[in-house]
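# Commentary on secondary and tertiary structure
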Amino acid sequence: MSSLVWTTTPDNAKALLRATEETFIDSLNAALWDDSQKDGFTKRALDTFSSALSFIKPEGSTFRQLPPHIVGVDKKSRAAFPLGLGHAVDYVATRAALIGDAAHRVHPLAGQGVNLGFGDVVCLRDVLSRSRQDGCDLGDLAHLLEYETLRQRHVIPTMAVVDGLNRLYGTSFSPLVLLRSLGLRASDACKPIKDYIVAHGSKAT
């Protein structure tokens, strides 16, 4: 059992919502497995790059994880909503603080929206705890601004990366597709880079 986010065009999203369960599953498996739309030059370049990686770093560099085969979906579990990117100029005011989607909204990629929201909660809790320990008014803007500063330092770069990935995956321009694919393949093969990306994306604060 798992959840899946399928980014597609508005018209295709409407058609997928109207489709029967059988048709929807067939369309989903086709999207996961069909290689007919892939660019031949990009595929050959990736194969060459993978061979070079295998020569430089034999262990683990040739592993390829195959996509799953979907056999069923829960009834009434399909839903569609428009992708969006939004960010509040100010997270705080006197005796008020925005958290989660009220402060920032990102594309549903890799669960970063919920991670950022969890980070807001943890950071605001810590700031309010310190304010209480110092005997200060919890709603004092001077203390709430610390929360805003700390969170924006983390949220804004994360939003920029997520939006960049969304735009990068939304293009079929061959040179960009090639650069994107080579970058992902290289990042996956380089453990320090991969560990940094995973750590940044998964940490709450």
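Up top is the structure these notes are about.
Now for a look at the structure at hand.

What counts, and where the lines are drawn
- Residues numbered from 1 in each chain as written.
- Predicted model: local features only at pLDDT ≥ 70, side-chain atom pairs only at ≥ 80, totals over all residues.
- Heavy atoms only, no water.
- Helix = DSSP H or I, 4+ residues; strand = E, 2+ residues; numbered from the N terminus.
- Expected span 1.5 Å × (residues − 1).
- Bend = angle between axes of the 7 residues up to and from the residue.
- Phe/Tyr/Trp six-rings, centres within 6.5 Å; stacked < 30°, edge-to-face > 60°.
- Buried < 20%, exposed > 50% of the residue type's maximum accessible area, 1.4 Å probe, protein only.

### Section: helix α5 (residues 141–169)
The terminal C-alpha atoms of α5 lie 40 Å apart, and with 29 residues this matches the ideal 42 Å at 1.5 Å per residue to within 8%. Roughly 30 degrees is the biggest bend found in α5, and it falls at glutamine 152.

### Here we look at the packing of aromatic side chains
Using the criterion set out here, one finds two aromatic pairs in the structure. Here the aromatic rings of tryptophan 6 and phenylalanine 24 are separated by 6.1 Å at their centres, their planes lie at 50 degrees, and the arrangement is tilted. One end of the pair, tryptophan 6, is in the segment before α1 (10–18); the other, phenylalanine 24, is in helix α2 (residues 21–33), and 18 residues separate them in sequence. With relative accessibility at 10%, the residue phenylalanine 24 sits in the buried group. With a centroid separation of 6.3 Å and 50 degrees between ring planes, the pair formed by tyrosine 91 and tyrosine 147 is classed as tilted.

### Focus: the environment of histidine 154
Relative to the helices and strands, histidine 154 resides in helix α5. According to the relative accessible area criterion, histidine 154 is buried, its value standing at 9%. Sequence separation between histidine 154 and leucine 116 is 38 residues; the distance between their C-alpha atoms is 8.5 Å.

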